[in-house]
Amino acid sequence: MSKQVKQLDRVIIRFAGDSGDGMQLTGDRFTQESAVFGNDLVTLPNFPAEIRAPQGTLPGVSSFQVHFADHDILTAGDAPDVLVAMNPAALKANLGDLPKGAQIIVDTHDFTGRNLAKAGYDANPLDFLGDANDVLGEFNVFPLDLTGMTVEAVKEFGLSRKDAARAKNMFALGLLSWMYGRPTESTVAFLTKRFAKVPDIRDANITAFKAGWNFGETTETFVVQYEIKPAPMSAGTYRNITGNLALSYGLVAAGVRSGLPIFLGSYPITPASDILHELSKHKSFGVTTLQAEDEIAGVGAAIGASFAGHLGVTTTSGPGIALKSEAIGLAVMTELPLLVIDVQRGGPSTGLPTKTEQADLLQAMFGRNGEAPVPIVAPQSPGDCFGAAVEAARIAITYRTPVMLLSDGYLANGSEPWQIPDIDDLPLIDPNFATATNHVVTPAGTADDGTETAEERDFWPYLRDEETLARPWAIPGTPGLEHRIGGLEKGEGHGNISYDPANHDLMVRTRQAKVDRIADSLPPLEIDDPSGRAKVLVIGWGSTYGPIGAGCRRVRKAGYHVAQVHLRHLNPFPNDLGEILARYDKVLVPEMNLGQLSLLLRGKYLVDAIGYNQVNGMPIKAAVLADAIGALVADAEGIEVDLTPQEASQ
Amino acid sequence: MTTPTTAELPFPGVRSGVELVPTNSEPQTGKEYTSDQEVRWCPGCGDYAVLKAVQGFLPQLGLRRENIVFVSGIGCSSRFPYYLDTYGMHSIHGRAPSIATGIATAREDLSVWVVTGDGDALSIGGNHLIHALRRNVNMTILLFNNRIYGLTKGQYSPTSETGKITKSTPMGSLDHPFNPVSLALGAEGSFVARTIDSDRKHLTSVLSAAAAHRGTSFVEIYQNCPIFNDGAFDAIKNNDTKADAIIPLVHGEPIHFGVEGSKGLIRDAQTGGVKIVATSDVAEGALLVHDAHNPDPSTAFAISRLTDSGYLNQSPIGIFRQVERPTYDDQARAQIATSREAAPGEPGDRLTALINGGDTWTVV
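Bear in mind the structure is a predicted one, so any value in this text is a computation, not a measurement.

## Section: the overall build of chain A
When helices and strands are counted, chain A shows 20 helices and 26 strands. A compact globule built from 650 residues should have a C-alpha radius of gyration of about 26 Å, and chain A, at 28 Å, falls within 12% of that. Projected onto its principal axes, the C-alpha coordinates of chain A cover approximately 110 × 65 × 45 Å. Expressed as a percentage of its 650 residues, the buried residues of chain A come to 55%. Within chain A, residue pairs in contact and separated by at least 24 positions form 75% of the contacts whose partners lie at least 6 positions apart.

So this is what it looks like as structure tokens:
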């Protein structure tokens, strides 16, 4: 039968099922297909901390949301247009997020008494479709026995019923791929490779995938196929990439561009472990990965490697930073390059391991004993993790300092199309190892008896570069530069232990001044203020870039003025930040914490930063943020602001 | 004395601990290894003797001075690196083995030494110590055991005898002490030895064997603290008691001690361990012959248990165990070398290929 084709500018699909149903893989494949097709996209994986939470329960629900469009988008979307629910719990857990009229494709197979009870349903909601008491009445529901159709489609492979049913996610993927006209080649290639060693499973998955597609094409259930045209993007080669992968590649790139071998000392922790996994594949670039006995050993080994002339890196999440704090202080004191990567998650303590949060900013800033300034860099999107890692390495190597790189769970697991950079466009980073003595002990002269005496020289490990205030990095194996460093305060210049009060005061101020001087190497901030008439500035950092941008677009689309600035450098702040803040009547700071950047801005610039704070483990929703921006615009300009009549588009 | 060559090592074909470290053609002196920093230990501290022994030993190693790195943690002994004119890091409490692991793994051309104490290595840094031993990273760990906390002024340590009266334990400590050698053997250390600060000849011979060993060499050094735990090792230091107190371990030799070798070790059939007997009570040839190279550490462990856990009246001294086992750092570097060989080409080109991997699309 011929199907009607309907044009859409954007769609948000959420795949939801039990933790073991393969929803992350399904979402990831749909994303890859959409990326190859050329849509702009943003994804939001959401899964429980338990590897296999009790089957069929609400806590066990795993979901993957993908927002794809024919235009530039910034977020994974506030509310799904389509929900694919593989069991009763997935339906129940996600129903509250759906707008009226949303499509629900539901696998009826698991809607048994037992599973309904586990999900907290007294009665099967699918039995009342169209009735007066239909709880799904607001939605467009398609109840289908996806599992049954999958088992039927793959019966020729002789798999057990359980194994056959496991291919149901590929059937669902095939159906959705048909519905949105996705290219299927990459998924077939992926399945072929993934299950190369188990031909039956491979063939069953490919068959289920194709059966899902064919079902869409032939069934009368679906009469409409949707088309979302490719989004215009600037010329270049693209790939879809998650933040953790981009960050890993950025570290490899930092090694290549500095000529330094990368040494990662790390202890497994969610959501940072994937960086350890990824870097352990890249030994051919001279990357060493040490899975240490604990968080402290991870950073300790990295510091040792840096002392030995490698670029030491440690990756972790908030609880790991807490454990590493003393060692980071040692790196501050010994002034060695070190990258400390914190993929933030919900806290405090163990908190929400698989959910996102931005509440480690103050820990990164101040979480050490003594005056221990550490530069902080934060990527704003998954793809930006690549460049942010290179930038963090530049600062660490140039200024001989530990640098904190603050990613988060949303960036780590979320993905977006990434324009692959030209390696030659990345900065070259000069390790500038010390190779010669730098201090004159006794000048050349003439002795009393008239003989010429040669100049006597030695090496001072704390004799600083005048411009950067960085100390020389003399690595073991360099003759004549033997020296000792350590956690005790050192005398400026000569670097011997010093308890002198004036010296300590000088060293504390010098370490701070060195970090402050990094600001001189930063580009001016980009101010997004299209009309130039905004009185309200929205400023953020890290992964809130997307929601803030989308929120600002909504406000502008409704005819109002708002400016946006996003900070990549949190310490030191860029030199022009104070002047920019002073230009606006109101400053709004949306954060996934209780106001940490607000506190820093207020402290440094005496600006009345107004916080917009959400700490629920999820990205901020653009529509809600737009309302907050709108309210502030109304206040600042003394006007009524109404965002509702306009068709909001992200 | 010089460093044993590979041929002289117990394991033919195995590289020595310093084999990849550049050597010095000129003879060196202890003075070259002495930094210009004033040594600030208490008068009479055993650390002086160890420092002197190390400064005297390092020139014999014949390595380039710039390729030697000393790493320490926190405590009296951890000031050690400041007094040696090599590369060094005085780090943070307990973490020296992890920092040294990074250094030794990053660079095959360095001779890496850790100086630590009983509190640093066995209390706050216990985890790093056992994992360094387990991994067998090529470095030498010198554990100065004075059985007390000195730098914090006299609290009991994890090797102090139970019931010790200290500032923090006025009614006597309740903790059962660690036996550092037993612990190292339990962590499957590939080189485990014990020596004494005041016996420079024995100390130097153990340092030499430890440096030559490829892997983590663990050396416990009994070291007297004259201020907070004076006399802790008197029994093994006094001429009139030491014959009965020291059980000398020499590879290939029957283990006997006491005045005129009156005592010796035999296997204890009942416990499976070892026991002390009067040599006159057993047949000639019945004494246990020390085999430091036995792959099974059980006997070495049994011997280590002869150390008193209370006041030290008796302790085996020498190399308990010296076995060949692949080192973590050699293998880590070998994995990198193998991967590099399998991926020829410029790093920049390979990086371009890497980031262009996966499903890509091009917008023109």
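Back to the text.
## Focus: the confidence of the model for chain A
Mean pLDDT over chain A stands at 96; residues scoring 70 or higher make up 99%. Residue range residues 646-650 of chain A is modelled with pLDDT below 50. Its contacts to residues more than four positions away, or to other chains, number 13 contacts.

## As for the domain arrangement of chain B
Often, the extent of an interface is quoted as the loss of accessible area upon association of its parts. Residues and elements named next belong to chain B. Domains assigned within chain B are domain 1 (17-232 + 325-338) and domain 2 (242-312). Centre-to-centre, using C-alpha coordinates, domain 1 lies 26 Å away from domain 2. With 9 residues of domain 1 at the interface, the matching set in domain 2 holds 10 residues. Tallied by class, the residues present in the side of domain 1 that touches domain 2 amount to 4 nonpolar, 3 polar and 2 charged.

## A short note on the UniProt feature "domain: Thiamine pyrophosphate enzyme TPP-binding" (unreviewed entry) in chain B
Taken from the UniProt record, the annotation "domain: Thiamine pyrophosphate enzyme TPP-binding" (unreviewed entry) applies to residues 74-221 of chain B. Taken as a whole, residues 74-221 of chain B contains 32% helix and 20% strand, while its terminal C-alpha atoms sit 17 Å from one another.

## Looking at the sheet that holds strand β7 (residues 246-249) of chain B
Sheet strands associate in pairs through backbone hydrogen bonding, adopting either a parallel or an antiparallel arrangement. With mixed pairing, 9 strands are arranged side by side in an open sheet as β21(A)-β2(B)-β1(B)-β3(B)-β4(B)-β6(B)-β5(B)-β11(B)-β7(B). Since the sheet does not close on itself, it has two edges, and those belong to β21 (484-486) of chain A together with β7 of chain B, each with one partner. With direction set aside, neighbouring strand axes in the sheet form an average angle of 20°. Taken together, the 3 bridges between β21(A) and strand β2 (residues 87-90) of chain B define a ladder with parallel strand orientation. Each bridged residue has a counterpart across the sheet, and for A:Ile485 the counterpart in β2(B) is B:Met89.

## Focus: the environment of A:Leu339
Residue and element names in this part refer to chain A. Counting through the fold element by element, Leu-339 comes out in strand β13 (residues 338-344). Take Leu-339: there are 27 C-beta atoms within 10 Å of it, and that puts it in the buried class. A sequence separation of 89 residues divides Leu-339 from Leu-428, and the C-alpha atoms of the two residues are 17 Å apart.

## Focus: the nonpolar core
If you look at the biggest cluster of nonpolar residues, it comprises 282 residues, and the most contacted ones within it are A:Val84, A:Leu339, A:Ala389, A:Leu405, A:Val536, A:Ile629 and B:Ile103. At 11 residues, helix α14 (residues 384-399) of chain A tops the list of elements feeding residues into this core. Excluding residues within four positions of it along the chain, A:Val84 makes contact with A:Ile13, A:Phe15, A:Ala16, A:Ile105, A:Ala172 and A:Leu176. Listed in part, the 6 residues of the second largest apolar core include B:Cys45, B:Tyr149, B:Tyr156 and B:Phe228.

## Remarks on the packing of helix α6 (residues 168-179) of chain A against helix α8 (residues 199-218) of chain A
Residue and element names in this part refer to chain A. Two elements in contact, α6 and α8, have axes separated by 6 Å at closest approach and are oriented at 40°. By the criterion of interaxial angle, the relationship of α6 to α8 is oblique. Judged by the sense of rotation from one axis to the other, the crossing of α6 with α8 is right-handed. Contacts between α6 and α8 involve Met-170, Phe-171, Ala-172, Leu-173, Gly-174, Leu-175, Ser-177, Trp-178 and Met-179 from the first element and Asn-205, Ala-208, Phe-209, Lys-210, Ala-211, Gly-212, Trp-213, Phe-215, Gly-216 and Glu-217 from the second. Here the contact of α6 with α8 is composed, by residue class, of 12 nonpolar, 5 polar and 2 charged.

## Points about the interface of chain A and chain B
Counting from both sides, the interface comprises 57 residues of chain A and, opposite them, 53 residues of chain B. Mapped by element, the contributors of at least two residues to the side of chain A that touches chain B are α1 (23-37), β9 (236-242), α9 (243-258), β10 (262-266), β11 (288-291), α11 (295-307), α12 (318-334) and β21 of chain A. Take the side of chain A that touches chain B: its biggest share by element is 9 residues, from α11(A). Considering only residue class, the side of chain A that touches chain B consists of 30 nonpolar, 20 polar and 7 charged.

## Examining the pairing of β11(A)
Residue and element names in this part refer to chain A. Judged from the 4 bridges that link them, β10 and β11 form a sheet pairing that is parallel. Pairing of Gly-265 across the sheet is with Leu-290, part of β11. In this view, the connection linking β10 to its parallel neighbour β11 by way of helix α10 (residues 273-279) has right-handed handedness.

## Re the sheet that holds strand β16 (residues 415-419) of chain A
As summarised here, the arrangement of the 3 strands in space is β16(A)-β9(A)-β12(B), forming an open sheet in which the pairing is antiparallel. Each of the sheet's edge strands pairs with one partner strand only, and the pair in question is β16 of chain A together with β12 (360-363) of chain B. The sheet shows a mean angle of 35° between the axes of neighbouring strands, taken without regard to direction. Pairing of β9(A) with β16(A), which is carried by 5 bridges, proceeds in the antiparallel orientation. Across the sheet, A:Ile241 pairs through a bridge with A:Glu416, a residue of β16(A). Sheet contacts for α1(A): β9 and β16 of chain A together with β12 of chain B; angle to β9(A), the most-contacted strand, approximately 165°.

## Describing the domain arrangement of chain A
Residues and elements named next belong to chain A. Domain boundaries in chain A define domain 1 (4-227), domain 2 (239-425), domain 3 (439-520) and domain 4 (536-637). Centre-to-centre, using C-alpha coordinates, domain 3 lies 44 Å away from domain 4. Residue-level contacts link 4 residues of domain 3 with 5 residues of domain 4. Its residues placed into classes, the side of domain 3 that touches domain 4 shows 3 nonpolar, no polar and 1 charged.

## Side note on unusual backbone geometry
In this model, A:Thr270 is joined to A:Pro271 through a cis peptide bond whose omega is 0°. Mapped onto the secondary structure, A:Pro271 falls in the loop between β10 and α10. A positive phi angle is found at B:Arg147, which is not glycine, with a value near 60°. If you trace the backbone, B:Arg147 turns up in the loop between β4 (139-145) and α5 (180-186). With a phi close to 60°, B:Glu188 is a non-glycine residue in the positive phi region. B:Glu188 gets classed as partly exposed once you count the C-beta atoms within 10 Å, which come to 17.

## Considering α11(A)
Residue and element names in this part refer to chain A. For α11, spanning 13 residues, the distance from its first C-alpha to its last is 19 Å, which sits close to the expected 18 Å at 1.5 Å a residue. In terms of residue burial, α11 counts as a mostly covered element, since 13 of its 13 residues are buried. Directly beyond the C-terminal end of α11, a positive phi value near 100° is found at Gly-309.

Parameters and conventions
Residues numbered from 1 in each chain as written. Chains lettered and ligands numbered in written order. Predicted model: local features only at pLDDT ≥ 70, side-chain atom pairs only at ≥ 80, totals over all residues. Helix = DSSP H or I, 4+ residues; strand = E, 2+ residues; numbered from the N terminus. Rg over C-alpha atoms; globule rule 2.2 N^0.38 Å. Buried ≥ 20, exposed ≤ 12 C-beta atoms within 10 Å, placed from the backbone. Contact = placed C-beta atoms within 7 Å. pLDDT = per-residue confidence, 0-100. Domains from an automatic or database assignment. Nonpolar A, V, L, I, M, F, W, Y, C, P; charged D, E, K, R; others polar. UniProt positions renumbered as here; feature names shortened; annotations may be inferred. Pairing = 2+ DSSP bridges. Axes fitted to C-alpha atoms, helices over the stretch in contact; angles between N-to-C directions. Core = buried A, V, L, I, M, F, W, Y, C linked by C-beta atoms within 7 Å. Parallel < 35°, antiparallel > 145°, perpendicular 65-115°, else oblique. Left-handed = near helix turned anticlockwise from the far one by under 90°. Right-handed = clockwise from strand over helix to strand, strands pointing away. Expected span 1.5 Å × (residues − 1).

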